[in-house]
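Structure at a glance
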Amino acid sequence: TKLVRKIAAQIKETKLKEIAFEFSINFTKIQVEAKLDRKKMRELELSDDDLLKVLSTSIKSTLVKIERDTLVLKPKLKEYDLSEVYKIKEKAKYSYVSGVKGISQVLPIKKDNEFMITCAGSNLKDVLKLDEVDEKRTVTNDIMEVRQILGIEASRQAIINEASHVIDEQGL
């Protein structure tokens, strides 16, 4: 059960606002500061280096560093106004940190002595890359994504499966 929760946490897309709190602007140093939730970072197996790497690529023209338990974001530009710092603060909150992009919620379920993870959102291409995922039994209801990733025959079968599922649920 613990392993399934760990895998589910690795699949769910995590934004910075989920592992940091108290986003504030330090006006004297003209920088954004946020307190890091170390417990949540440990649960996601997210190191400081990983966090710095992903944020420095997603928040361009911003110096990103960690001082103790505080994440610091500062504009790299020599000339900038305060509105630039506000923009960095808002962009940082919703910046991708870990997990699979597009998977907004996960729910581990035990069914017939095995676990499966039901997700809200879809990113079949990246989910299939995970070692813990059984690519032969992974499904999505996004028909266009199935066509793009697996081909037209797979999307035809997905339509049939979805229609059959709806009919079965209605008891017809």
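All of the points below concern the structure found in this document. Numbers given to residues run from 1 along each chain, matching the order in which its sequence is written. Only residues with pLDDT of 70 or above have their local features reported here, since the model is predicted, and side-chain atom pairs are shown and tallied only from 80 upward, although totals for entire chains, interfaces and linings are computed over all residues. The basis for the side-chain values is all heavy atoms of the structure; hydrogens and waters are excluded.

1. Quick notes on the environment of Ala163
In this fold, Ala163 is placed in helix 8 (residues 152–169). Sequence-wise, Ala163 and Glu67 are 96 residues apart; in three dimensions their C-alpha atoms are separated by 54 Å. Secondary structure elements follow DSSP: runs of H or I no shorter than four residues count as helices, runs of E no shorter than two count as strands, and numbering proceeds from the N terminus.

2. Focus: the sheet that holds strand 3 (residues 31–36)
Two strands pair under a simple rule: DSSP has to find at least two bridges between them. Taken together, four strands build an open sheet; the order of strands is 2-3-5-4 and the sheet is antiparallel. With partners counted over all chains shown, the strands left at the sheet margins are strand 2 (20–26) and strand 4 (62–67), one partner each. Going from strand to strand, the sheet's axes swing by 20° on average, the running direction of each strand aside. Looking at chain direction, strand 2 and strand 3 are connected through five bridges and run antiparallel. Bridge assignment links Asn26 to a residue of strand 3, and that residue is Gln31. Sheet contacts for helix 4 (residues 48–58): strand 3, strand 4 and strand 5 (70–75); angle to strand 4, the most-contacted strand, approximately 165°. Running at roughly 175° to strand 2, helix 5 (residues 82–93) makes contact with strand 2, strand 3, strand 4 and strand 5 of the sheet. Throughout, an axis means a line fitted to C-alpha atoms (over the contacting stretch in the case of helices), and angles, computed between N-to-C directions, take values from 0 to 180 degrees. Contacts are assigned to residue pairs with any non-hydrogen atoms lying within 4.5 Å of each other.

3. Focus: the packing of helix 7 (residues 143–150) against helix 8
Look at helix 7 against helix 8: their axes get within 7 Å of each other, and the N-to-C directions meet at 150°. Put simply, helix 7 runs roughly antiparallel to helix 8. Remark: the crossing between helix 7 and helix 8 carries right-handed chirality. Residue-level inspection shows Ile143, Val146, Arg147 and Leu150 of helix 7 in contact with helix 8, the latter providing Ile152, Ala154, Ser155, Ala158 and Ile159. Counted by class, the contact of helix 7 with helix 8 contains seven nonpolar, one polar and one charged residues. Each angle receives one of four descriptions, namely roughly parallel if under 35 degrees, roughly antiparallel if over 145, roughly perpendicular if within 65 to 115, and oblique otherwise. In this scheme the crossing of two helices becomes right-handed for a clockwise turn of the near helix relative to the far one and left-handed for an anticlockwise turn of less than a right angle. Only Asp, Glu, Lys and Arg are considered charged in this grouping, and only Ala, Val, Leu, Ile, Met, Phe, Trp, Tyr, Cys and Pro are considered nonpolar; every other residue, Gly among them, is considered polar.

4. Regarding the nonpolar core
Generally speaking, soluble globular proteins have nonpolar side chains that are buried together. One finds Leu16, Ile19, Leu36, Leu51, Leu55, Leu71 and Leu73 to be the most contacted residues of the largest nonpolar core, which totals 23 residues. When contributions to this core are tallied by element, the ones reaching two or more residues are helix 2 (16–19), strand 2, strand 3, helix 4, strand 4, strand 5 and helix 5. Put simply, a nonpolar core is a bunch of buried Ala, Val, Leu, Ile, Met, Phe, Trp, Tyr and Cys residues held in one set by side-chain atoms that sit within 4.5 Å of each other. Exposure classes here rest on a 1.4 Å probe applied to the protein chains alone. A residue is buried below 20% of its type maximum, exposed above 50%, and partly exposed in between. Within the second largest apolar cluster, six residues are counted, among which are Ile7, Ile11, Ile103 and Val127.

5. Brief notes about helix 5
In this model, helix 5 (12 residues) spans 17 Å end to end at C-alpha, consistent with the 16 Å of a helix rising 1.5 Å per residue. Against the buried residues of helix 5 lie helix 2, strand 2, strand 3, strand 4 and strand 5. Any helix carries an expected span of 1.5 Å times its number of residues minus one.

6. Points about the pattern of salt bridges
Pairing between side chains of opposite charge can happen when the charged atoms of each approach one another. The term salt bridge refers to a pairing of a side-chain nitrogen on Lys or Arg with a carboxyl oxygen on Asp or Glu at a separation within 4 Å. Counting across every chain of the model gives 11 salt bridges. Across the salt bridge formed by Arg156 and Glu153, the nearest N and O atoms sit 3.2 Å from each other. With Arg156 and Glu153 both in helix 8, this residue pair falls three residues apart, about one helical turn. Arg156 sits in the partly exposed class, given a relative accessible area of 43%. Of the residues examined, Glu153 reaches a relative accessible area of 52% and is grouped as exposed. When salt bridges with common partners are traced through the structure, they connect Arg38, Asp48 and Asp69 into a single cluster.

7. Let's talk about the pairing of strand 7 (residues 103–111)
If a strand is regular, its side chains alternate between the two faces of the sheet. Of the pairings in the sheet, the one linking strand 7 to strand 8 (residues 114–121) comprises eight bridges and is antiparallel in character. Its bridge partner being in strand 8, Leu107 is matched across the sheet by Thr118. Connecting strand 7 to the next strand, strand 8, in antiparallel fashion are two residues, including Asp112 with a positive phi near 55°.

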